[in-house]
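Summary of structural features
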Number of protein chains: 2
Amino acid sequence: MLTERKRQILRAIIDDYVIHAEPVGSRYLVDKYKLGVSSATVRNEMSELEELGYLEKPHTSAGRVPSDKGYRAYIDLLLDLKPVSQTDQDKIESFFNDHMNEVTDLVRQSANVLSEQTNFPSLVISPRYSDTSLEQIKILMIEPGKALVVVVLSPGIVKDRMIRIPHEIKQDDLHLISRIIEQKLSGQKLDQITLITISAAAEDVPVPEALLNQVLFEAYVSIKQAENIELYIQGTHRLLNHPEFQELTLARSFLDTIHQEGIVAGYMSEWESMNADLELTETNNPEEIEQLERTRREQPYLKENPSYMVRIGQEITLKGLEECSFITAAYKITNKITGRIGVIGPRRMEYGNIISQINFINYTLDQQIMELASGYDRKEDINGKEKEEQA
Amino acid sequence: MLTERKRQILRAIIDDYVIHAEPVGSRYLVDKYKLGVSSATVRNEMSELEELGYLEKPHTSAGRVPSDKGYRAYIDLLLDLKPVSQTDQDKIESFFNDHMNEVTDLVRQSANVLSEQTNFPSLVISPRYSDTSLEQIKILMIEPGKALVVVVLSPGIVKDRMIRIPHEIKQDDLHLISRIIEQKLSGQKLDQITLITISAAAEDVPVPEALLNQVLFEAYVSIKQAENIELYIQGTHRLLNHPEFQELTLARSFLDTIHQEGIVAGYMSEWESMNADLELTETNNPEEIEQLERTRREQPYLKENPSYMVRIGQEITLKGLEECSFITAAYKITNKITGRIGVIGPRRMEYGNIISQINFINYTLDQQIMELASGYDRKEDINGKEKEEQA
DNA sequence: TTTGGCACTCGGAGTTAACGAGTGCTAAAA
DNA sequence: TTTTAGCACTCGTTAACTCCGAGTGCCAAA
C-alpha cells in the first residue's frame, strides 16, 4: 500500500536518479528534498518500497534504484506533466516549414525534432495503408521505356515509383491503362487489389497483351509498394550521450536490434492496433487498485492525450531492449489512419519532460497534417470563398 | 630511402597491425613473417623507419605503429589489390534487384552493401546536378489545391515534389503552364534557371497572374530542389565494432561530425571536383620520388580504376576526423556527371581489401546505372529491334 | 653489416589497504 | 506506535605498490 509519504519518497528517488544516474541514499534524500523526517525513517520506507517491488539495490551498500515497477508507478501515479516551454514550442514549430507538402516529410521531420528535443533516438512508423483505398493511379511517360506511376490513396497520400516499360508503349497507351484501372478500382481497399483484379480491370484495353501485362505488373507492384509500412530511425548517435551506454556491449546490442528494421517495425505496428495501455502494476490489493484508478481519472493528460504509451524495461518484448524504455504517441492522418512516433532510450528517462515533448510534437504534427490536407491556404491569398470542386 | 627490406618490414608491420590493432614488436615480426634476419636487425630497420616518419611508438617499451605517412606509403607503394572473391561478388550483385528503377535507389543500396561488406560506415553523395540541364517538367493535378511536379534532368534523372496550388487552378492550366515552361527552358542548365527566367517563359499563359505566379514559384522551388546534393550515411552503428572507438569520446566526436550533413557533404563534393589524388608522401629525395612514380605507373589498378581516393588521418581536414581514413570512389551517371561513394573508419583499415571491395561495388553500381539508362530490357522480351523513338 | 647479449623502460595486471557512502538493526525518545 | 540516534557491517571505489614481461636501444663480437 503506497502511503502518501512513500509516494513522495518514490518520486524523489526517481526524479533524482533520472538526473544523476546514481543510486540514491537515504541521507542524501532527506537533505536534498527536505523531507522533514530523519534518514532512518526514510530508510525504513525505502526498505518497504523495496519489498513492494518499486525499488532495487545494485548491492548492499549502495543506495536504491527504481525498478520497472517503480517507473511504472511513477508514470501512472506520480507523473507531473508540465507544459512545454514557450522556447521549446517555438523551436519545434520552426522545424516545420512551409515547403513540406508531403505527409512523409512532415513525419520524418517530426522524428528529427523529437530526437533533437529529447536527446534520444527516435522512431516513426507510417500508418498501415492496407485498409485505405485507392483513389487515383496515373502513369506518366518519362521517356520511351520509362514511366512514373503515381498512386494516390484515399487520405490524400501520394506515392510514386519509376517503372520500366516496353519501348513500344506510348503515352496514350499509358493514359488509357491508368484511366481504366482507376475507373474500375478506385475506391477499393488496397489489400483487396491483386494482380488478378488489375488484369481483369484492364482486359479490354487495346494494347498487345504481352506489353500490357508488363505495365500492369509494374502498376500492381507500385500499388503494393504504396502499402508498405515505413520506418524511420533518427539520431541513433545520441545514444552514446547517455551513461548506460558507455558499456558499449549494451550500445551494440541496442543498435543491432534497432537496425533490424523488420523487427521494430513489426513490433510497433502490432502495437498500433492496440488502443489500451498496459494494465497498471500487478496488484490484487483492492484498495491500491482503487487508488490507481482514481489517480488515472484525475490525470487530465491521460484524457486529453490518450495516445501516448510507455513501455518500460521488461514490458518491451524485444530481446536486446529489455533495459530500455519506449515512449510513443499516435499521430493521425485521418481519425482512422494513424502512425506512431516515439523515442527509445534507457529506462532512466525524464519521463515527464519527454512525454510532454512527444505530446506537443505529436500535436504539432497532427496540426500540420491537417493543414496540409485542408489544401492551399496562404496568408496573402484572398481565400474568402471556399471551393468544393471535385474532379 | 626505402630499401626493399624496409618496405618488406613496413608492409609486414602494417599488415599485422591492421588485423590485430596492437603495436608490433621486432621479435614477433621475425617469428611470424619469416624475415630471415634477427630481431636486432629488424629493430635497427624499424628505428630507421621511425626516423623517416613511417612508424611511431605509442611509448618507449611498446612495438611500432604505422604513422599517416606509413599508411600513405603502404597505399602508394605496397598495396596489393587482390580481386574480390567470387562469393563476395555474388553477394554484392545479389543486393541489386530488378525492382530498383531509380538511380537514387541504386546509389543508396550501394551504400548499404558497402557498409555491410566493409563493416564501416559508408557515405554517398549524389552528383552535382546544377550543371546538368532541364529536360522535362510536368505538373500533375492530384486534387484541387494539390499537384505533383515531376522534373526530369538531362541524364534521365527524375525528381518529384508535391506542391500546393490555388484551388482555382485546373488540370488544363497546369498542363499549359508546364508545357510552356518545358518548351522554353528545356535544355537550359539548371543553375541558369531562375524565378525570373521561369516567369518570363510563362508570361503569356492565360491564367490570372496571381495564381500563375504561385504555381511558377512552386515549379521553381521544385527545380532548385532537384539540384540539391544529397548525402546518405549508412551503417554508422558498425563503428562500435572497431576497437579504436571503444573510447567513446572518439566515437562521439566522430558521429557528431558525420551527422552535420552540410560539412561532410560540402567536403565530399568539393573533393569531387578535384580529379588528382594527393601528392605522395612529402619527400625531396629525388630517388625516392622516382621510385614512387614508377611504382605508381606499375600499379595497374591505379590505371584501371583511377577513381578511388584515399585520405588518411591528417589529410582529412575536417575536425573530429583526424584519426580516420576515408576511402572513396567516383561512380558515374554519365561521363560528366559523377557522385562519390565511400567508407570512413579508423586509419587502421585493411586498405587492400576495402579498396577492392569499393572498386567492385562501384563498378557494379556503374553497370547497374548504365543498364537502367539503356531502358527496358527483360530477358523474356523479344527485343530484336532497337527503337529510337524520341518524343 | 648482422647478431647475441644486456640493461633499461614502461604499461598492465594483481594485491592490499584505506575510505566512505550506504544499509539494517536496536534501543531510546516522542 | 512511530520516529530517531547510534552503531556495526557491507562492499564498491580509489590509490599506492609491486611484479611481470614485452619491447627497445646500444654495444661489442661475429
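Residues numbered from 1 in each chain as written. Chains lettered and ligands numbered in written order. Predicted model: local features only at pLDDT ≥ 70, side-chain atom pairs only at ≥ 80, totals over all residues. Heavy atoms only, no water.

Attention now goes to unusual backbone geometry. All names here are of chain A. Not every positive phi belongs to a glycine, and A21 is a case in point at roughly 60 degrees. Topologically, A21 is positioned in the loop between α1 (4-20) and α2 (26-33). Exposure remark for A21: the relative accessible area of 26% places this residue in the partly exposed category. (Helix = DSSP H or I, 4+ residues; strand = E, 2+ residues; numbered from the N terminus. Buried < 20%, exposed > 50% of the residue type's maximum accessible area, 1.4 Å probe, protein only.)

A few words on the pairing of strand β10 (residues 338-346) of chain B. All names here are of chain B. Most of β10 is tucked away: 9 of the 9 residues are buried. Across 4 bridges, strand β3 (residues 122-125) lies against β10 in antiparallel orientation. Across the sheet, the residue bridging to L123 is G342, located in β10. Pairing analysis gives 9 bridges linking strand β9 (residues 324-332) to β10, with the strands arranged antiparallel. Looking at the pairing, A329 lines up with I341 of β10. (Pairing = 2+ DSSP bridges.)

Another point: the pattern of salt bridges. On inspection of all chains with the given rule, the structure shows 31 salt bridges over all chains. Here E244 of chain A and R348 of chain A are joined by a salt bridge, their closest N and O atoms 2.6 Å apart. A residue pair is termed long-range when its members are at least 10 positions apart, and E244 of chain A in the loop between β7 (231-234) and α10 (248-259) and R348 of chain A in the loop between β10 (338-346) and α14 (351-373) qualify at 104 residues. Note on R348 of chain A: relative accessible area 8%, which makes it buried. For D68 of chain B, the salt bridge goes to R347 of chain B, with nearest N and O atoms at 2.6 Å. With D68 of chain B in helix α4 (residues 68-78) and R347 of chain B in the loop between β10 and α14 (351-373), the pair connects residues that are 279 residues apart, well separated along the chain. When its relative accessible area of 21% is taken as the criterion, R347 of chain B is described as partly exposed. (Salt bridge = Lys/Arg side-chain N within 4 Å of Asp/Glu carboxyl O.)

Let us now look at the packing of aromatic side chains. All names here are of chain A. Summed over the entire model, instances satisfying the criterion amount to 8 aromatic pairs over all chains. On the basis of an interplanar angle of 70 degrees and a centroid distance of 5.5 Å, the ring pair of F245 and F254 is categorised as edge-to-face. Taking the relative accessible area as the measure of exposure, F254 reaches 1% and is therefore buried. Aromatic pair F360 and Y363: ring centres 6.4 Å apart, planes at 35 degrees, arrangement tilted. With F360 and Y363 both in helix α14 and 3 residues apart, the pair spans about one turn of that helix. Stacked on the ring of Y54, the Lys or Arg K69 has its end atom at 4.7 Å from the ring centre. (Phe/Tyr/Trp six-rings, centres within 6.5 Å; stacked < 30°, edge-to-face > 60°. Lys NZ or Arg CZ within 6 Å of the ring centre and 35° of its normal.)

Around DNA strand C sit 20 residues in total, of which S26 and K57 of chain A together with S38, T41 and S61 of chain B are the nearest. Here a sugar or linking oxygen of DNA strand C sits 3.3 Å away from a polar atom, N or O, in the main chain of A62 of chain A. Separating a sugar or linking oxygen of DNA strand C from a side-chain N or O atom of S61 of chain B is a distance of 3.2 Å. Among the secondary structure elements, those contributing two or more residues to the surface near DNA strand C are α3 (39-52) of chain A together with α3 (39-52) of chain B. Top contributing element to the surface near DNA strand C by residue count: α3 of chain B, with 4 residues. Residues belonging to the surface near DNA strand C are distributed by class as follows: 4 nonpolar, 11 polar and 5 charged. (Near = heavy atom within 4 Å. Polar contact = N/O pair within 3.5 Å; in protein donor to acceptor, adjacent residues only side chain to side chain. Nonpolar A, V, L, I, M, F, W, Y, C, P; charged D, E, K, R; others polar.)

Residue and element names in this part refer to chain B. As summarised here, the arrangement of the 3 strands in space is β4-β5-β6, forming an open sheet in which the pairing is antiparallel. A strand with exactly one partner marks an edge of an open sheet, and here the two such strands are β4 (134-143) and β6 (158-164). Neighbour-to-neighbour, the strand axes of the sheet open up by a mean angle of 20 degrees, direction not taken into account. Pairing of β4 with strand β5 (residues 146-153), which is carried by 8 bridges, proceeds in the antiparallel orientation. Counterpart to L134 in the pairing with β5 is L153. Packed onto the sheet, helix α9 (residues 209-226) meets β4, β5 and β6 and runs at close to 145 degrees relative to β6. (Axes fitted to C-alpha atoms, helices over the stretch in contact; angles between N-to-C directions. Contact = heavy atoms within 4.5 Å.)

Moving on, we come to α2 of chain A. Residues and elements named next belong to chain A. Among the residues making up α2, those that are buried are S26, L29 and V30. Down the axis of α2, the buried side of the element spans an arc of 90 degrees, and every buried residue falls inside it. Each element contacted by the buried residues of α2 is listed here: α1 and α3. Just past α2, the residue K34 takes up positive phi, approximately 45 degrees. (Arc of directions from axis to C-beta.)

Looking now at the protein's contact with DNA strand D. Lining the immediate surroundings of DNA strand D are 20 residues, of which S38, T41 and S61 of chain A together with S26 and K57 of chain B lie closest. Within the side chain of R43 of chain A, a nitrogen or oxygen atom sits 3.4 Å from a base oxygen of DNA strand D. The separation between a sugar or linking oxygen of DNA strand D and a polar side-chain atom of S61 of chain A is 3.2 Å. Split into classes, the residues belonging to the surface near DNA strand D amount to 4 nonpolar, 11 polar and 5 charged.

Once that is clear, we can look at the relation of the copies chain A and chain B. One copy of the chain maps onto the second through a rotation around an axis plus a translation along that axis. Expressed as a screw operation, the relation of chain A to chain B combines 0.0 Å of axial shift with a rotation of 179 degrees, fitting to an RMSD of 0.1 Å. Both chain copies can therefore be described as sitting about a two-fold axis. (Least-squares fit on C-alpha atoms with pLDDT ≥ 70 in both.)

With that settled, consider α1 of chain A. All names here are of chain A. With 17 residues, α1 should cover 24 Å at 1.5 Å per step; its first-to-last C-alpha distance of 24 Å lies within 8% of that length. Within the sequence span of α1, burial applies to K6, R7, I9, L10, A12, I13, I14, D16, Y17 and V18. Among the residues trailing α1, A21 stands out with phi positive, at a value near 60 degrees. (Expected span 1.5 Å × (residues − 1).)

Within a beta sheet, neighbouring strands are joined by backbone hydrogen bonds and run either parallel or antiparallel to one another. Residue and element names in this part refer to chain A. Reading across from one edge, β4-β5-β6 is the order of the 3 strands in this open sheet, with antiparallel pairing throughout. On the outer flanks of this sheet lie β4 (134-143) and β6 (158-164), each paired with one strand and no other. Along the sheet, successive strands turn relative to each other by an average axial angle of 20 degrees, direction set aside. Packing against the sheet, helix α9 (residues 209-226) makes contact with β4, β5 (146-153) and β6, and its axis sits at approximately 145 degrees to β6.

This next bit is on the packing of helix α1 (residues 4-20) of chain B against helix α2 (residues 26-33) of chain B. Residues and elements named next belong to chain B. Interaxial distance between α1 and α2 falls to 11 Å at its minimum, and their mutual angle equals 95 degrees. On the basis of their axis angle, the class for α1 and α2 is roughly perpendicular. Here I9, A12, I13, D15, D16 and H20 of α1 come into contact with α2, specifically with Y28, L29, K32 and Y33. Looking at the contact of α1 with α2 residue by residue, the classes come out as 6 nonpolar, 1 polar and 3 charged. (Parallel < 35°, antiparallel > 145°, perpendicular 65-115°, else oblique.)

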